[in-house]
Amino acid sequence: MSIDKGRHAATVDALPRNERRAYLSALDVGVRAHRELAGGLVERRGVSWVSVVRYGGPRRRVEIGCDFRDGGWWFCWASDGRAIAPASDVTGTLDRIANELAAVSPGM
């Protein structure tokens, strides 16, 4: 084990194992290609999500999950489970994430 990585967390570059993971992998690729965003696909104890920050923004990050609801896969805010966009809409999801991270909360 490297001293640079946590014991139970790792950035993952493996092939997707299921639909949820495939959608999260597609979002991860989109985040890496987006000029305002940085982040990575994270897995801890079998649970995967995409952690995202904004270049030049306040020290804030969001974690994005993917859930099956209402008959389809949706990206959602990991903090509260609110839906962002259908998992097939990576571009729309990236726009919502960038807007969320660009907003400065009171007190920041």
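Since this is a predicted model, take the numbers as computed values, not measurements.

Caption draft 1: Quick look at the state of the cysteines. Summed over the entire model, instances satisfying the criterion amount to 0 disulfides. A disulfide-free cysteine, cysteine 76 has its sulfur positioned 7.0 Å from the sulfur of cysteine 66, the nearest such atom. Exposure remark for cysteine 76: the relative accessible area of 3% places this residue in the buried category.

Caption draft 2: Structural view of the pattern of salt bridges. Counted by the stated rule, this structure contains 8 salt bridges. For the salt bridge of glutamate 36 with arginine 35, the shortest nitrogen-to-oxygen distance reads 3.8 Å. Look at glutamate 36 and you get partly exposed, because its relative accessible area is 24%. The salt bridge involving arginine 61 is made with glutamate 63; its shortest N-O contact spans 2.3 Å. Several salt bridges share partner residues, and in doing so they unite Arg35, Glu36 and Arg54 into one network.

Caption draft 3: The pairing of strand S5 (residues 72–77), seen in detail. Counting buried residues in S5 gives 5 out of 6 residues, a clear majority hidden from the surface. Direction of pairing for strand S4 (residues 61–69) relative to S5: antiparallel, over a ladder of 6 bridges. Bridged to arginine 69 within S5 is glycine 72. Counted along the chain from S4 to the antiparallel partner S5, the turn is 2 residues long, and its residue aspartate 70 has a positive phi close to 50 degrees. The pairing of S5 with strand S6 (residues 83–86) spans 3 bridges and is classified as antiparallel. Note that in S6 the partner of phenylalanine 75 across the bridge is alanine 85. Hairpin connection from S5 to S6: 5 residues lie between these consecutive antiparallel strands, with glycine 81 at a positive phi of about 80 degrees.

Caption draft 4: Quick look at the packing of aromatic side chains. If you walk through the whole model with that rule in mind, you get 2 aromatic pairs. The interplanar angle of 45 degrees and the centroid separation of 6.4 Å between the aromatic rings of tyrosine 23 and tryptophan 73 together place this pair among those described as tilted. Taken together, the residues span a long stretch of sequence, with tyrosine 23 in helix H1 (residues 19–33) and tryptophan 73 in strand S5 at a distance of 50 residues. Residue class for tryptophan 73 comes out buried when judged on its relative accessible area of 17%. Ring centres of phenylalanine 68 and tryptophan 73 lie 5.3 Å apart, and the angle between their planes is 70 degrees; this geometry places the pair in the edge-to-face category. Taken together, the ring pairs in this structure connect Tyr23, Phe68 and Trp73 into an aromatic cluster.

Caption draft 5: Summary view of the pairing of strand S2 (residues 37–44). For S2, the buried fraction is high: 6 of the 8 residues fall into the buried class. Where S2 and strand S3 (residues 47–54) come together, 8 bridges link them in antiparallel fashion. Residue pairing for S3: glutamate 43 is matched across the bridge by serine 48. Hairpin remark: S2 followed by S3, antiparallel, with 2 residues in the connecting loop; positive phi at arginine 45, about 50 degrees.

So, how was this worked out
Residues numbered from 1 in each chain as written. Predicted model: local features only at pLDDT ≥ 70, side-chain atom pairs only at ≥ 80, totals over all residues. Heavy atoms only, no water. Disulfide = S-S within 2.5 Å. Buried < 20%, exposed > 50% of the residue type's maximum accessible area, 1.4 Å probe, protein only. Salt bridge = Lys/Arg side-chain N within 4 Å of Asp/Glu carboxyl O. Helix = DSSP H or I, 4+ residues; strand = E, 2+ residues; numbered from the N terminus. Pairing = 2+ DSSP bridges. Phe/Tyr/Trp six-rings, centres within 6.5 Å; stacked < 30°, edge-to-face > 60°.

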